[in-house]
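The chain contents come next:
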Amino acid sequence: EQTAEEARDVHVAADDGRTLWEHNFNVYLSDVPDTRVAWSSCVGDPETGRVYAQGVCGYFCCLESDGALVWERSLHEEFGLLSTFGGRTNMPLVFEDLVLTSAVVIGWGDTPEFGSLAKPAHRFMAFDKAKGEIRWLAGTNISPYDTTYSTPTIAVIGGEQQLVFGSGDGHVWALQPRTGERIWNFPFSRRGLDASPLVVGNRVYMTQNQENLTGTAMGSVVALDATLRGDLTGKEIWRKYQVLA
């Protein structure tokens, strides 16, 4: 349910759909259509039973399994998160003692903790999942063409945890999920990537249905060796063009 000013996270019973609890929150400073303001992405933490949700205007919260509020952050006001396009929001991820979420973020000048946020970039924010305190903030290339809705994958690759995702800058990226440190990236498209990467062993498979960096073909699928480091331009294992997915 939603209005132009209010949205809610609703928890229903799986057997009959009855409402168990709901958490209402205001939507502000957003150009998302009124029929979509309640769109949000939620994830449950199997370890604690808590739920994490991100709304269209950057409202991010942690709820107990009964719907009680644990903590909340206004990512728009605190970090300059841009209101999501059309109501779509990025999916939070729970990793160890962290909860991670992302969006295109642009802030005011330099910050003592995270450097310059003055230019927009697709940036991840990692919070202490118990207290809501920010641990790290890290981004990809500045001034991306698009926002992005690629749900990341976290996996151990080559003995190292990697956060693998498609970015608004058209690259496939891997970050270290504990620190946000860049591991590798592969330029894949002229537009933002919305598909979710598939990790099998040490390989990452990714697809996109937009413009490629060369030629006129639309769409492609690529296989990458995720044990490599740095810029993987020209280092793909294989790539097939004109595959729209």
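If you're wondering where the values come from, they're calculated on a predicted model, not measured in any experiment. (Residues numbered from 1 in each chain as written. Predicted model: local features only at pLDDT ≥ 70, side-chain atom pairs only at ≥ 80, totals over all residues. Heavy atoms only, no water.)

Before we move on, could you go through unusual backbone geometry and cite the residues and values that matter?
Of note in this structure, Ser143 is not a glycine but carries a positive phi near 55 degrees. In this structure, Ser143 sits in the loop between β12 (134–142) and β13 (153–157). Positive phi, normally seen in glycine, also occurs at Gln242, with a value near 55 degrees. Locating Gln242 in the fold gives a position in the segment after β21 (238–241). The exposure class of Gln242 is exposed, given its relative accessible area of 64%. (Helix = DSSP H or I, 4+ residues; strand = E, 2+ residues; numbered from the N terminus. Buried < 20%, exposed > 50% of the residue type's maximum accessible area, 1.4 Å probe, protein only.)

Requested: an account of the confidence of the model for the protein chain, with residues and values cited.
Any residue range with low pLDDT should be treated as having predicted coordinates unsuitable for detailed reading. When pLDDT is averaged along the protein chain, the result is 88, and 92% of the positions lie at 70 or above. Averaged pLDDT values for the elements of the protein chain fall to 65 in strand β1 (residues 6–12) and rise to 98 in strand β20 (residues 230–231). (pLDDT = per-residue confidence, 0-100.)

Give me the lowdown on the sheet that holds strand β19 (residues 218–225), citing residues and values where you can.
Across the sheet, four strands lie side by side as β17-β18-β19-β21; this open sheet has antiparallel pairing. The sheet is open, and its two borders are formed by β17 (198–200) and β21, each paired with just one other strand. The mean inter-strand angle of the sheet, taken between neighbouring strand axes irrespective of direction, is 15 degrees. As paired elements, β19 and β21 share four bridges and run antiparallel to each other. Bridge assignment links Ala223 to a residue of β21, and that residue is Trp238. (Pairing = 2+ DSSP bridges. Axes fitted to C-alpha atoms, helices over the stretch in contact; angles between N-to-C directions.)

For the pairing of strand β5 (residues 59–63), give the residues involved together with the corresponding values.
The buried count for β5 comes to five of five residues, which makes it a mostly enclosed element. Residues Tyr59, Cys61 and Leu63 of β5 are buried on one face, and the alternating residues Phe60 and Cys62, pointing to the opposite face, are buried as well. Inspection of the sheet shows strand β4 (residues 51–54) paired to β5 by four bridges, in the antiparallel sense. Within β5, the position partnered with Ala53 by the bridge is Cys61.

Talk me through the pattern of salt bridges; I want residue IDs and the actual numbers.
Opposite charge on two side chains allows them to pair when their charged atoms are near. Here the structure, examined in full by the defined rule, presents 12 salt bridges. The shortest N-O distance in the salt bridge between Arg135 and Asp128 comes to 3.1 Å. Several salt bridges converge on common partners, so that one network encompasses Asp15, Asp16 and Arg18. (Salt bridge = Lys/Arg side-chain N within 4 Å of Asp/Glu carboxyl O.)

Mind laying out the environment of Thr179, listing which residues take part and the relevant values?
Within the element layout of this structure, Thr179 appears in the loop between β15 (171–175) and β16 (182–187). For Thr179, a relative accessible area of 45% puts it in the partly exposed group. The sequence separation of Thr179 and His122 amounts to 57 residues, and the corresponding C-alpha distance is 16 Å.

Lay out the sheet that holds β5 in plain terms, naming residues and giving numbers.
Adjacent strands of a sheet form backbone hydrogen bonds with each other and so pair up, either parallel or antiparallel. The antiparallel open sheet is built from four strands, whose spatial order is β3-β4-β5-β6. The open sheet has two free edges, formed respectively by β3 (41–44) and β6 (69–74), since each of these has just one partner strand. Strand after strand, the sheet turns through a mean of 15 degrees between neighbouring axes, direction not considered. One ladder, built from four bridges, connects β3 with β4; its direction is antiparallel. Bridge pairing links Ser41 to Gln54 in β4.

For the environment of Tyr205, give the residues involved together with the corresponding values.
Secondary-structure assignment places Tyr205 in strand β18 (residues 203–211). Between the C-alpha atoms of Tyr205 and Ala53, which are 152 residues apart in sequence, the distance is 28 Å. Not counting residues up to four positions away in its chain, the partners in contact with Tyr205 are Pro197, Leu198, Val200, Val222, Ala223 and Trp238. (Contact = heavy atoms within 4.5 Å.)

A description of the packing of aromatic side chains should follow, citing residues and the corresponding values.
A complete count under the given rule lists nine aromatic pairs for this structure. Ring geometry for Tyr52 versus Trp71: centroids 6.0 Å apart, planes at 45 degrees, classification tilted. On the criterion of sequence distance, the pair formed by Tyr52 in strand β4 and Trp71 in strand β6 is long-range, its members being 19 residues apart. With respect to class, Tyr52 is no different from Trp71; both count as buried. (Phe/Tyr/Trp six-rings, centres within 6.5 Å; stacked < 30°, edge-to-face > 60°.)

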